[in-house]
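Inside the fold
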Amino acid sequence: MSRLTVPKTYKLAIGGAFPRSESGRTYVVTTPKGEFLANASLASRKDARDAVVAARAAQAKWAGATAYNRGQVLYRIAELLEGRRAQFVDEISRSEGVSAAAAGAQVDATIDLWVWYAGWADKYAQVVGNGNPVAGPYFNLSVPDPTGVVAAIAPQEREGVSLLGLAAVVAPIVLTGNTVVVVANEDAPLSAISLAEVLATSDVPGGVVNVLTGSPAELAPWLASHADVNALDLAGAGVLASGSWVDLQLAAAETLKRVLPPVSGAPVPSLDRITAFVETKTVWHTKAML
Amino acid sequence: MTIDHPVALAPADRAVRLLGGDLTEKALRLHLEGLAGVDAVGLEQRAAGLATRSIKTSSKAWALDTIIRTCDLTTLEGADTPGKVRSLVAKAVTPDASDPTTPRVAAVCVYGDMVPYAVEALGALHGDPDAGLVSVAAVATAFPSGRASLDIKLADTREAVAAGADEIDMVIDRGAFLSGRYGLVFDQIVAVKEACRRPDGSYAHLKVILETGELVTYDNVRRASWLAILAGADFIKTSTGKVSPAATLPVTLLMLEVIRDWHRLTGEKVGMKPAGGIRASKDAVRYLVTVAETVGEEWLTPHLWRFGASSLVNDVLLQRQKLRTGHYSGPDYVTVD
């Protein structure tokens, strides 16, 4: 007996929900050879605005969770990714046009990256924080504090980064207590939305990771100039029209945002990406009178 | 006869004209209970329909300014201090320090004992919102419950008026209304209206709060609106903001329909003030659409239309900044209170 296939509707991920674009727009996602894969939502500036609102609403509670707890949540994402490995391999191999082995290697690298970053959650503060020497009967402590809401452009290369690139951008941002609005790979956005589905069924609170699919050239200027966005990760902005990421940097400077410049390919996991989106808070505290 | 500014009518004057000189509880009851019932489904559908209008940029800019011009910036907390009132007044006078073209709000709304501080802080800017100045509104009559004897309610009112309040927001006795004692509610409104009289014979504007969240049914809201207007209300107001649900679009539409009917009957214009729960500019614009479509655009002046809100102004300022600068603004760019 023949049966009809039931294709998946790929939508946005905003505030723990999966809405279509408020504009109603979609665009066709194809394989590199031009075969139809899916219709994805084409996010508008208002979707970006809504995503920032959701990210802002979620930020205080996420930053208030203990570092240990955030590490456990991130580690659980890796566990769930492992369980849905076949789905990701299928999506990546079709949308990037690579072999199943290459796609499998990318999924493995992504899982390992989540585990690596999850381990840092309750350790990076020991590396970049400090108990400062003082000449008096009190403590003086420098501790890293999350910057707030970060907007990010995921790596946009056609091959090798559709899942790994997104994870390599998102994981170091959220592990310190930031929330993120990320624009997925434009040509291969399917695994990004599937990753958002994994996040929604793991312990990540809604609004911590918001995924937009669509045109980075259209969305990035609105995110860069948004006054309620605290930092900007331009990892994938290098593919935009030549030099336009400099304009994004200029727009971001208007509201004193921290900016990470574009990289090629997926960013290499590093402590620098973690500390790029934290600020050092120095406080003094009396010594106990015991 | 058309009276533009619905003030200085003697209390109960309207009821005497409509119901005749022999103003008994029976006459009042016959009138109020003779009002047609409200078609709840139709009312909610009409309100939902009005909420779907698409507002284009230039109209939006006008709407945002109108929201600010007709807003009663409110602080009604047990923790209010003279300092909090002064900072509220500073915001009322200069809502957005980054944009001097921002209009002033219509009034600040405070508890009666805070009126002297509001008047003092406003100084020369205390006056008629039509002249670009800011009025002082005070809640009175044992706000928000209204559970006090009439003497206390009247003393509360007189004290606020004597301290310089231009507008009095009174609450009706919902318990009496719900148990059918319309005459008692009527008499109290009339007495409070009389207490709003200043030594020079003019009256402070009287806003009558129906607390629609406690009236339960739309039929009761319609009756209470008629009752308040007959007793001499200059404004009818939905809620105290202390009871949920507070202002909703259907209830506001219903009250505006009563105001429209009263205007057709007598030519008098009564004001309307939804209060409580309106936090987003988008919602506020829907109320403006409802006013324009129900009683007409001429109602969108501070003397006939007010928003009672504390956090709405901040959202409106964010939208104004977006229109002015072309990029989205954030809560760091408006004042906390």
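Just so we're clear, the structure is a prediction, and the values are computed from it rather than from any experiment. (Residues numbered from 1 in each chain as written. Chains lettered and ligands numbered in written order. Predicted model: local features only at pLDDT ≥ 70, side-chain atom pairs only at ≥ 80, totals over all residues.)

Broken down by element type, chain A carries 10 helices and 10 strands. For 290 residues, the compact-globule formula gives about 19 Å, and the C-alpha radius of gyration of chain A, at 20 Å, lands near that figure. Projecting the C-alpha coordinates of chain A onto the three principal axes gives extents of approximately 80 × 40 × 30 Å. In chain A, which comprises 290 residues, the proportion classed as buried is 47%. (Helix = DSSP H or I, 4+ residues; strand = E, 2+ residues; numbered from the N terminus. Rg over C-alpha atoms; globule rule 2.2 N^0.38 Å. Buried ≥ 20, exposed ≤ 12 C-beta atoms within 10 Å, placed from the backbone.)

Take the sheet that holds strand S8 (residues 231–233) of chain A next. Residue and element names in this part refer to chain A. Spatially, S7-S6-S5-S8-S9 is the arrangement adopted by the five strands of the open sheet, whose pairing is parallel. Each edge of the sheet is formed by a strand with only one pairing partner; in this case those strands are strand S7 (209–212) and strand S9 (258–260). Between one strand axis and the next, the sheet turns by 15 degrees as a mean value, whatever way the strands run. Where strand S5 (residues 149–153) lies against S8, three bridges are found, and the strand directions are parallel. From the neighbouring strand, Val-150 faces S8, where its bridge partner is Ala-231. Here helix H8 (residues 216–225) sits on the sheet and contacts S5, strand S6 (179–183), S7 and S8; the angle it forms with S6, its principal contact strand, is near 150 degrees. (Pairing = 2+ DSSP bridges. Axes fitted to C-alpha atoms, helices over the stretch in contact; angles between N-to-C directions. Contact = placed C-beta atoms within 7 Å.)

Read across the open sheet, the three strands follow the order S3-S4-S10 (chain A); overall the sheet is antiparallel. The outermost strands of the open sheet, each flanked by one partner alone, are strand S3 (130–131) and strand S10 (278–286) of chain A.

Turning to the interface of chain B and chain A, a few remarks are in order. Facing seven residues of chain B, the contacting portion of chain A comprises six residues. The residue inventory of the side of chain B that touches chain A, partitioned by class, reads three nonpolar, three polar and one charged. (Nonpolar A, V, L, I, M, F, W, Y, C, P; charged D, E, K, R; others polar.)

The next thing to look at is the nonpolar core. Core analysis: the biggest nonpolar cluster contains 98 residues, and Val-108, Ala-118 and Ala-228 of chain B have the highest contact counts within it. Per-element accounting of this core gives the leading share, eight residues, to helix H12 (residues 249–266) of chain B. Apart from the residues lying within four places of it in its own chain, the contact partners of Val-108 of chain B are Leu-73, Leu-88, Val-89, Ala-92, Ala-118, Val-134, Val-136 and Ala-137 of chain B. Core analysis: the next-biggest nonpolar cluster, separate from the first, contains 92 residues, Val-169, Leu-195, Ala-251 and Ile-274 of chain A among them. (Core = buried A, V, L, I, M, F, W, Y, C linked by C-beta atoms within 7 Å.)

What follows covers the packing of helix H11 (residues 218–230) of chain B against H12 of chain B. Residue and element names in this part refer to chain B. Put simply, H11 and H12 touch, their axes get as near as 10 Å, and they point 40 degrees apart. Taken together, the axes of H11 and H12 are oblique relative to one another. Where H11 crosses over H12, the handedness of that crossing is right-handed. Across the interface between the two elements, Tyr-218, Val-221, Arg-222, Ser-225, Trp-226 and Ile-229 of H11 pack against Val-251, Leu-254, Met-255, Val-258 and Trp-262 of H12. Partitioned by chemical class, the residues of the contact of H11 with H12 number nine nonpolar, one polar and one charged. (Parallel < 35°, antiparallel > 145°, perpendicular 65-115°, else oblique. Left-handed = near helix turned anticlockwise from the far one by under 90°.)

What follows deals with the environment of Gly-49 of chain B. Relative to the helices and strands, Gly-49 of chain B resides in helix H3 (residues 40–50). The class for Gly-49 of chain B is exposed, based on 11 C-beta atoms found within 10 Å.

All names here are of chain B. Summary statistics for chain B give a mean pLDDT of 92 and a share of 96% for residues scoring 70 or more. The secondary-structure element of chain B with the lowest mean pLDDT is helix H1 (residues 13–19), recorded at 83, while helix H6 (residues 115–122) shows the highest, at 97. Throughout residues 1–8 the model reports pLDDT below 50, and contacts reaching past four residues in sequence, or to other chains, amount to 17 contacts. For this predicted complex, the interface score ipTM comes out at 0.85, while the overall pTM is 0.89. (pLDDT = per-residue confidence, 0-100.)

Time to look at the environment of Pro-199 of chain B. Within the element layout of this structure, Pro-199 of chain B appears in the loop between helix H9 (182–195) and strand S5 (205–209). Residues Pro-199 of chain B and Asp-332 of chain B, spaced 133 residues apart in sequence, show a C-alpha to C-alpha distance of 46 Å.

Attention shifts here to helix H4 (residues 100–120) of chain A. For an α-helix, the turn length of 3.6 residues means that residues three or four places apart are oriented alike. Residues and elements named next belong to chain A. Spanning 21 residues, H4 covers 31 Å between terminal C-alpha atoms, matching the ideal 30 Å at 1.5 Å per step. Residues of H4 that are buried: Ala-103, Gln-106, Val-107, Thr-110, Ile-111, Leu-113, Trp-114, Tyr-117, Ala-118 and Trp-120. Residues of H4 that are buried make contact with helix H2 (67–83), helix H3 (85–96), helix H5 (124–128), helix H6 (164–174) and helix H10 (271–275). (Expected span 1.5 Å × (residues − 1).)

This part is about the pairing of strand S4 (residues 167–171) of chain B. All names here are of chain B. In terms of burial, S4 is largely enclosed, as five of its five residues are buried. In S4, alternate side chains face the same way, and those of Glu-167, Asp-169 and Val-171 on one face and Ile-168 and Met-170 on the other are all buried. The pairing of strand S3 (residues 135–140) with S4 spans four bridges and is classified as parallel. Across the sheet, residue Ala-140 finds its bridge partner in S4, namely Met-170. Once you follow S3 into helix H7 (residues 150–162) and on to S4, the crossover reads as right-handed. As defined by bridge partners, S4 adjoins S5 across five bridges and the pair is classed as parallel. Opposite Glu-167, over in S5, you have His-205 as the bridge partner. (Right-handed = clockwise from strand over helix to strand, strands pointing away.)

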